[in-house]
Amino acid sequence: MTTKTIGTASRDYATITLWLAYLQGIGAPSADEIGELYNDSEFAEEVVFSSLPTPTGGAKYILRPATGQAMMDSTANPATYDQTKGVAWKDASGYFPVPCSQTSAVPFLFERLQIKSGRVTVDGAGAANTDVHRCLLQCPSPLPSNASTNADAVFRNCIFVWTTDGSGNPNQGHIASVFDSAQAYACTFARYSDKTAGTGNNGVVKQYSGTGTNIKNSIFANLSACWPAAFTPTHSYNATDLSAFPQAEATGLTSIVLTDTFESPSSSSPDFRVKSGASVIGAGVADATNYPVDFYGTTRANPPTIGAIEGPAGGGSQPIIKRFGVFQAINRAASF
Amino acid sequence: MARFIIFDRETPPHPDPVEEAGRFLRGMVVSVLEDGAHPGTDVLKSGWFRIIDVPGKAIDYREFTAAAPATMNDKDIPRCRQRVLDVVALERTLGVAPLVAMSAVEIKDGAKVAAKQDVPIVVATEEHIHAAKSEPDYPQDPMILS
């Protein structure tokens, strides 16, 4: 295992891209290569994780904040990132939404990153590869997909939120299965309660071809569709505020109420923690493929809460550490 | 001044054109930093980055990276970088010796790491950069928004 620090205060590499060049330069590693981000910088880069050599011996590439480095943001205005407070990742140009793309069939773990104004594109070639875990992805509409996966990429315990009104046909946040399985476990897909959806393809899952897309324990909130009716992902234990899922889901929750489910789903005070007593609490199913912790690093109950954030244990209120809202603090150790 | 961090390591061509599009080639500007910015301790020591200070601000050199405008390949993946500098010509005009350990990889504690070599920070003029700058070898595709 090799760990390189990334930041502007005399770390090993000043930018993520320089770390990427290093990874390409060393050739196929035989142990995990870890890039640890420090909040010296906002990392306003478009990073393309392609052409990295495939590690041997089960090793993988990992990008995450260093221990003690929080991913924080302003509760009052989540569209404004405070560089002094955290580790995040945004689109440098502000208009082209590809800050992060992993196109090689190499195993990669993105963990606890905040990706703004863009999308993460993970596109394997059929080999199990990319895991996006406990990340916050914010995307203004109508940019292209917030998150796009092909072939075995998995999103777990992630929050996807659209920050502006939708328009047109933006294909927001589709999870695409082209060659092989793509999965979303225990994620919250949401649009602010005061923002409108576009006119088409506003669902989250778009399964282009192939089979194997699996959606489980996830919330779809304030979207015009969960996924196009013509596509048939495997899905169970999900929750939506729509009247029904496109296909029957005997174990899911429909017609959940935004204001009964989230502390504050509005753009003026965004907070996607689950309210005490919300119907999604304990409505999920334990899954060995999921991580044992939620977005914040809290150990999941059994059965777990549907969505990225575990509900208050025992019906009480959220611990004080979480009362700052989802956009302010993920202040946990780098690993769990 | 702005600070170019240039990839200065030979890499064999990849048979897959899509993979090749994402690779760093020798002479590609990996990052453009602000005046005097610390590029990183590994960058200063490793044998495959060339550090050159150039006139102007970092924002003036956005064309050297893929930041804007992004150009997509046939899989809707942005090209890694748009410009390649002729490092050999640049080193010659600047009077800088080539990095000896350009392609070296060492094994340390069982893991591959960049071979260490002190990398000098040299200063170039706009003329130096212009003379070493290649044009993109592909058309500037319009952005495709799905």
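## Notes on the pattern of salt bridges
All names here are of chain A. Taken as a whole and assessed by the stated rule, the structure comprises 11 salt bridges over all chains. Linking E310 and R300 is a salt bridge whose minimum nitrogen-to-oxygen distance equals 2.9 Å. Separated by 10 residues along the polypeptide, E310 in the segment after β22 (271–274) and R300 in the segment after β22 bring together distant segments of the chain. Take E310: its relative accessible area is 5%, and that puts it in the buried class.

## Examining the nonpolar core
A:W19, A:Y22, A:L63, A:F189, A:F220 and B:F49 are the most contacted members of the largest nonpolar core, which has 52 residues in total. At the level of elements, α1 (16–26), β4 (61–65), β7 (108–111) and β14 (159–162) of chain A together with β1 (2–7), β2 (29–33), β3 (49–54) and β5 (111–114) of chain B are the ones that each hand at least two residues to this core. Top element by residues in this core is α1(A). It accounts for 8 residues. In terms of nonpolar packing, the next biggest core, distinct from the first, is built from 19 residues, B:I6, B:Y61, B:L85 and B:I129 among them.

## Focus on the sheet that holds strand β10 (residues 130–133) of chain A
Residue and element names in this part refer to chain A. With respect to topology, 9 strands assemble into an open sheet ordered β1-β2-β4-β7-β10-β13-β15-β17-β19, the strand pairing being parallel. Both edges of this open sheet fall to β1 (2–6) and β19 (234–236), since each of them pairs with a single strand only. Neighbour-to-neighbour, the strand axes of this sheet turn through a mean angle of 10°, independent of strand direction. Against the sheet, α1 contacts β1, β2 (33–37), β4 and β7, and its axis sits at roughly 170° relative to β2.

## Details of the packing of aromatic side chains
The full count for this structure, using the stated rule, is 11 aromatic pairs over all chains. Ring centres 5.4 Å apart and planes at 5° place the aromatic pair A:F189 and A:F220 in the stacked group. Here A:F189, found in strand β16 (residues 188–191), pairs with A:F220, found in strand β18 (residues 219–221); they are 31 residues apart in sequence, far enough to count as distant. For the pair A:F189 and A:F220, one class covers both residues: buried. An aromatic cluster is present here, built from A:Y13, A:Y22, B:F7, B:F24 and B:F49 joined pairwise through their rings. Sitting above the plane of the A:Y38 ring, A:R11 keeps its charged end 3.8 Å from the centroid. Sitting over the face of the ring of B:W48, B:R9 holds its NZ or CZ atom 4.8 Å from the ring centroid.

## Here's the deal with the confidence of the model for chain A
Residue and element names in this part refer to chain A. Per-residue pLDDT for chain A has a mean of 73; in total, 62% of the residues score no lower than 70. Here residues 142–146 is modelled with pLDDT under 50, and outside its nearest four sequence neighbours on either side it reaches 28 contacts, counting other chains as well. This stretch, residues 319–336, has a pLDDT under 50; its non-local contacts, to residues over four places away or in other chains, come to 64 contacts.

Rules and cut-offs
- Residues numbered from 1 in each chain as written.
- Chains lettered and ligands numbered in written order.
- Predicted model: local features only at pLDDT ≥ 70, side-chain atom pairs only at ≥ 80, totals over all residues.
- Heavy atoms only, no water.
- Salt bridge = Lys/Arg side-chain N within 4 Å of Asp/Glu carboxyl O.
- Helix = DSSP H or I, 4+ residues; strand = E, 2+ residues; numbered from the N terminus.
- Buried < 20%, exposed > 50% of the residue type's maximum accessible area, 1.4 Å probe, protein only.
- Core = buried A, V, L, I, M, F, W, Y, C linked by side-chain atoms within 4.5 Å.
- Pairing = 2+ DSSP bridges.
- Axes fitted to C-alpha atoms, helices over the stretch in contact; angles between N-to-C directions.
- Contact = heavy atoms within 4.5 Å.
- Phe/Tyr/Trp six-rings, centres within 6.5 Å; stacked < 30°, edge-to-face > 60°.
- Lys NZ or Arg CZ within 6 Å of the ring centre and 35° of its normal.
- pLDDT = per-residue confidence, 0-100.

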